Every structure is written in structure tokens, then in C-alpha cells.
Amino acid sequence: MRMNMMRSFVTEPLLSRVQSAIKEDRPAEKFDVIISLNEMFHGGVPAAREEVMKRAREWGVVFRTSSHYVFASLTAEQILRAADEARQLTREHGSKSGVIYRIWEDNDINVSLTRSLATVKADAAQRAFHAHGEGIVWAVLDSGIAGDHPHFKSDYSPFGPIDTLNVEAPVTHMDFTPLQNGALVDEFGHGSHVAGIIAGYWRSKDPKGARVAGTEIRDELTNAPVPLRDTLISISGVAPTCKLVSLKVVADRSVTEGTKQTAGQGKVSWVLLAFDKVQEWNQHGKRILIHGVNMSLGYDFDPRWFACGQSPICVEVNRLVKSGVSVVVSAGNAGYSSFVTAAQKAVARYSDVSITDPGNADLAITVGSTHREMPHMYGVSYFSSRGPTGDGRMKPDIVAPGERIISCAAGLEAAKYGTEQDANSGEVPVLYCEQTGTSMAAPHLSGAIAAFLSVRREFIGEPEQVKQIFLENAIDLRRERKFQGAGLLDLMKALQAV
């Protein structure tokens, strides 16, 4: 999935066809292509078009042009060479230096774009309602949170001082993994990314921004990811001042001897222990100290079980909701599956009834994924798990941005980008990166509910009413109910509804 979501100058299925031609020693095979020009090119679109035309003339290629495109018939070798040049320019000089944005296949036809906050209207809610998450505490059940990340503590922000990880007793950060290397340590990088979507804030000291955001594009020659740097001026969580509690239930480091665990994996038992602690702190609903839980995790439902939504983790999710806690869960990333049939034929197709546990829990708010900027155009992400549940209930409940979401980088996710030298020869690490999945969609809703509760405090301890409000006020993307649930998360509409 990560490879498919990774930016590539040559789009599929053209890329696969070109790679096959090279692999099979057919580099001169020609493909009709549409070259989309880079609108951010420092010389403008006309200058970009002229550069592409110049190269086409050098290659002796017949071409045509329109305002933003060049149409030509290029060999497989030429396509990869053009993509490699564009990638090198982008890596060395930034996004404004390349003349090519994408290379598309010119298909036959027959007669017959930290933008996700705006997508869910969190930015508008922050301005209009001061819905910042103040006084709300959210538990993040994941691989830990990097306690030293600057995103989670800021003395100066538009929302006042922020210290999202500074929680009050008896609530405390806890590690439920066997290694016990700390709840505020995240060597894997998943939990910090999730947490950063919910809360926190960061702003560059340089008004022009800093090159602290890591992203990846695909190398068409090797199919390997190529790390890049983007400039970031500021970034905010959906509920920037909400307090976060790290309950570590996913291992962030693999250990093969003694205390065994695998990075990126957890146990249901670890999650259930975390649930117990939340219930203890909340006195089983008598006092609400933890207002919500985010679980960007899950595992496949087995139809041989007694019933869908009745596994131990689902039962405990429902119990937690009944005690006054909003539980937000990712729907899963099994919406497009590859498998081998009994005839030994490899098949890939969209998959219904692919919601994972604990997303199958009836009272959980199960979140699917959509495009971070243009959900109405692109609809539900191809990988997002579809409903209904195995016993026929409608899931997911709602969708939120989950494609190439920028949030905190930590551990392995930060390490792969290394460091850069700034103008003063200082080392600049990557603080933020892109990740994709329903894991990124769920915390958008967690942050939105935290922001909602900080303004509409009468709904604290009423998670079922909160779920109803958000579902009734979601934006219909006009997709299948089993794909989109109630539709796109809309924080402004939810706030205005009560």
C-alpha cells in the first residue's frame, strides 16, 4: 500500500508496462503518453513546456502541445530517462525546478490535490468556536508517543502555551508491551504520527519555513522509495491543546530473545489491560478523566468465530463506550486485497466485508479513509476496508482524510530521512512525514470529537450521543454506504448542530 500511495512521475498502469518492456529487453517499445507540466516550475508553465519540447526535438520525437500538456510517443527508455531527470531535479533543487509533474498513458477512448484540517473544517472550527480541545484528555493506544518531539510542547502558539503530554495524576502514560521501554518512546513511529494528528502544534522559527517534512517518491528504475524534504512553516493537530495519554500496546522494537515482541505488532491482551486502566481512572464512568480513546490498529475478523463484533476486544470497546468514553477505531486497510484462488491464480480486487476488529464493535466509531484534499472527487480510498460487518451491520461509520497525511515523524519513520545541513552547518532532522492508511483517518475524528467536547461540554460522558451528532452531520460524498458510512467528517457542522 505504501508503494502504491508513493508519488511517482510515471503513473500506473503505464509504469508497469514500461518496466516490463525494460525487463524483457524491449527498451525501444513506444508508448503514447501525456506529459503533465509542472505548474510550480519557476519559469511558469510556458517555460516548462518549452523545456519538454526542446528535449523532444533532441530525441527526434513527434509531439503536440496544449496549455498544460505535451503529447508524444516515447520509448520505454525515454520515459524512464525523463522521469529520472525530473526526480533528480526535484531532489536537488526542490519542487519548482522540475518541468514534468506526471507522465500518463494516453489511453484509448470509446463512444458511449496540512491540508486535511481544512477538509474536515477543523481550521474553521478553531477560528469560529475556539474549539482547541482545552480540558479534554484522549488516550492513544499505539506504539508510544515520542515525548521529546517539539510538536507536543510549545510555549508560543496561536492557542497559547501547549504541553499536550503533561497529564495529571492519577492518569499517567503507561507501557503494556513486554519490553517496557517506555510509553513516551516510539522507535516504530506509528503512534507519534497518530498522536500528532489529534493534538499539538509546531511553527518554524524561520518565517519562510524549514525543510523538516519528509516525503517519498518512487524510483521508476528500481521501484525503491526515494526520500525527499519539503518545507513546512507550521502544523497543527485537529485539537491542538487536547491532552494526550500514551498507552503503549504496540511493540516499537523487535526482540527475539527473552522478552519476545515484533515491532508494529501487539496483543489483544495488551489492549484489554489498557482498557482496564482507563476504566479504573474513570471509576467505570463515575468520573470521566479520559474522555476518548483512539485505536489505529486491528486484526482480521475470522468468520469461524461465534459472531462478528462479539470478540473480547469488541465487547470491551462496547463496555468502555457505555461507561462514557468515545472510542474511535480505524476501519482497516483491507479494502483491496490480493489472494490466490484454488486454481492457483493470483487475483486482486475490492473487498466487501473487510472491516477489522475492533472496528466491528457496534458502539465504536469506525473510520474509513478518503483523500486529504479532494474527497468529493476521489471518494473513498481504494485500500479503506468496506462494510458491512460479517453479521450485516453497516460499517464503516464515517470517513476522514487518510492519504499521505503529514504528521509527526519519530523512530524508524524519521531515521530513514537522515539529517540535512542548514545554512549555518547545523543538522536539520525530519520532524514530520507522510503516512497513509485508515490509521491516519481515525485520529482526525478523535481530534474533532475532542475539539467538539471542549466547546459542547454537556456531551462529556455521552459518547453515543456524540457519535449520533457526528454521523448525522457528516457530508454525503454520494458513495455507497458500505464504502463511506455516513460520509465525510465535518466538525463545523457538528458544532453548529447543537
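All residue numbers refer to position in the chain's written sequence, counted from 1. Where local features are concerned, this predicted model is filtered to residues with pLDDT of at least 70; where side-chain atom pairs are given and counted, the filter is 80 or more; whole-chain, interface and lining totals use all residues. Just so you know, side-chain values use all the structure's heavy atoms and leave hydrogens and water out.

A word on the side chain of Thr90. Going along the chain from the N terminus, every DSSP run of H or I of four or more residues is numbered as a helix, and every run of E of two or more is numbered as a strand. Considering the arrangement of structural elements, one finds Thr90 in helix α4 (residues 76-93). Each residue is assigned to one of three classes by its accessible area relative to the maximum for its type, calculated with a 1.4 Å probe on protein chains only: buried under 20%, partly exposed between the two thresholds, exposed over 50%. Its relative accessible area of 12% is what places Thr90 among the buried residues. Polar contact is the term for a pair of N or O atoms within 3.5 Å; when the atoms are in protein, one must be able to donate a hydrogen and the other to accept it, and sequence-neighboring residues count only if both atoms are side-chain atoms. Among the polar contacts listed, one links the side chain of Thr90 to the backbone oxygen of Ala86, at a separation of 2.9 Å. Contact definition: two residues touch when any of their heavy atoms are within 4.5 Å. With residues near it in sequence (within four places) discarded, Thr90 still touches Phe9, Ser95, Ser97 and Leu228.

A few words now on the nonpolar core. When a protein is soluble and globular, its nonpolar side chains tend to lie buried together. Grouped together as the largest cluster of nonpolar side chains are 58 residues, with contacts concentrated most on Trp138, Leu244, Phe452 and Phe470. Non-local contacts of Leu244, meaning those with residues more than four positions away in its chain, are made with Trp138, Val140, Ile145, Phe152, Thr164, Leu165, Val167, His173, Ala195, Ile198 and Ala199. Here, nonpolar core refers to any group of buried Ala, Val, Leu, Ile, Met, Phe, Trp, Tyr and Cys residues whose side-chain atoms link them within 4.5 Å.

Once that is clear, we can look at the packing of aromatic side chains. What characterises a pair of aromatic rings is the spacing of the ring centres plus the angle enclosed by the ring planes. Between 30 and 60 degrees the pair is tilted, below 30 it is stacked and above 60 it is edge-to-face, where a pair is any two Phe, Tyr or Trp rings, Trp via its six-membered ring, whose centres lie within 6.5 Å. A full pass over the atoms with the stated rule returns eight aromatic pairs. Aromatic side chains Tyr336 and Tyr350 sit 5.0 Å apart centroid to centroid with 70 degrees between the ring planes, which places their arrangement in the edge-to-face category. Of this pair, Tyr336 sits in strand β16 (residues 336-340) while Tyr350 is found in strand β17 (residues 346-350), placing the two residues 14 residues apart along the sequence. On the numbers, 5.5 Å between centres and 80 degrees between planes, the contact of Tyr382 with Phe383 is edge-to-face. Residue classification places Tyr382 among the partly exposed positions, given a relative accessible area of 22%. With relative accessibility at 1%, the residue Phe383 sits in the buried group. The structure contains a cluster of three or more aromatic residues connected by ring pairs, namely Tyr336, Tyr350, Tyr382 and Phe383. Think of it as a cone above the ring: NZ of Lys or CZ of Arg counts as a charge over the ring if it is within 6 Å of the ring centre and within 35 degrees of the ring normal. Seen from the ring of Phe483, Arg386 lies directly overhead, with NZ or CZ sitting 4.3 Å from the centre.

The two faces of strand β23 (residues 432-435) match: Tyr432 and Glu434 on one face and Cys433 and Gln435 on the other face are all buried. Pairing of strand β10 (residues 210-218) with β23 involves two bridges; the strand directions are parallel. Residue pairing across strands places Ala213 opposite Tyr432, the latter belonging to β23. Bridge count between strand β20 (residues 405-408) and β23: four bridges; the pairing is antiparallel. Along β23, the bridge assignment pairs Ile406 with Glu434. When DSSP finds two or more bridges between two strands, those strands count as paired.

Turning to helix α9 (residues 312-322), a few remarks are in order. Those residues of α9 lying buried are Ile313, Cys314, Val317, Asn318, Leu320 and Val321. Relative to the axis of α9, the buried residues are bounded by an arc of 160 degrees and lie together on one face. Residues of α9 that are exposed and point over 90 degrees away from its buried face: Pro312 and Lys322. In this structure, the buried side of α9 is in contact with α8 (268-281), β14 (292-295), β15 (326-330) and α13 (463-472). Taken from the residues just after α9, Gly324 is the one with a positive phi, measuring 110 degrees. Comment: arc refers to directions from the helix axis out to C-beta atoms.

Such coordinate-based values are descriptive only and should not be taken to indicate function.
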